[in-house]
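Residue-level structure breakdown
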Amino acid sequence: MIYLEGVVSSGMQKASKFIELPVYKKQYEHKLGFTPYPGTLNIKLQNDIEVDVEDEYANKLQKISGEGKYGDVFFLFASLSTKDNTKTKKGAILFPVRSVYTTDTLEFVCEDNLRKTMDLKNGDVVVLKFRE
């Protein structure tokens, strides 16, 4: 299992629109096994770590197929925990083919609003665990 530490950060408030698009919505439900909360939790990785999914995780990636102007979204199953490990949620890390983020910022989804259910705010340290 791979562990990464990062800091909760603000996004561009656009993920909800994409998660709700019909081209993606049913695939998320079917392939992830849950209906994602309409939004992502952005996690900026610490210590200059970047995730290169094409090299390191290519054999573990699964795909949500886009169409037309909407690109594919790759994902890895993962869990997110608070630094003190008192709260944990299972979900997935999304890797949209068309993204505004660099490889040091990850987008996590689950069925809950993580800022509310895990009481997270910008600057909080969280731990991501990629599930095999």
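Further up the page is the structure itself.
A few points on the structure.

1. Thoughts on the pattern of salt bridges
Taken as a whole, this structure holds four salt bridges when the rule is applied. The salt bridge involving Asp 112 is made with Lys 89; its shortest N-O contact spans 2.7 Å. Here Asp 112, found in the loop between β6 (105–109) and α4 (114–117), pairs with Lys 89, found in strand β5 (residues 88–96); they are 23 residues apart in sequence, far enough to count as distant. By relative accessible area, which is 24% here, Asp 112 ends up partly exposed. Lys 89 gets classed as partly exposed once you look at its relative accessible area, which sits at 23%. Between Asp 124 and Lys 121 there is a salt bridge, with its nearest N and O atoms 3.4 Å apart. Judged by its relative accessible area of 18%, Asp 124 is buried. Take Lys 121: its relative accessible area is 53%, and that puts it in the exposed class.

2. Observations concerning the side chain of Thr 105
By secondary structure assignment, the location of Thr 105 is in strand β6. Taking the relative accessible area as the measure of exposure, Thr 105 reaches 15% and is therefore buried. Beyond its immediate stretch of four places on either side in the chain, Thr 105 contacts Asn 42, Ile 43 and Lys 44.

Reading the values: rules and limits
Residues numbered from 1 in each chain as written. Predicted model: local features only at pLDDT ≥ 70, side-chain atom pairs only at ≥ 80, totals over all residues. Heavy atoms only, no water. Salt bridge = Lys/Arg side-chain N within 4 Å of Asp/Glu carboxyl O. Helix = DSSP H or I, 4+ residues; strand = E, 2+ residues; numbered from the N terminus. Buried < 20%, exposed > 50% of the residue type's maximum accessible area, 1.4 Å probe, protein only. Contact = heavy atoms within 4.5 Å.

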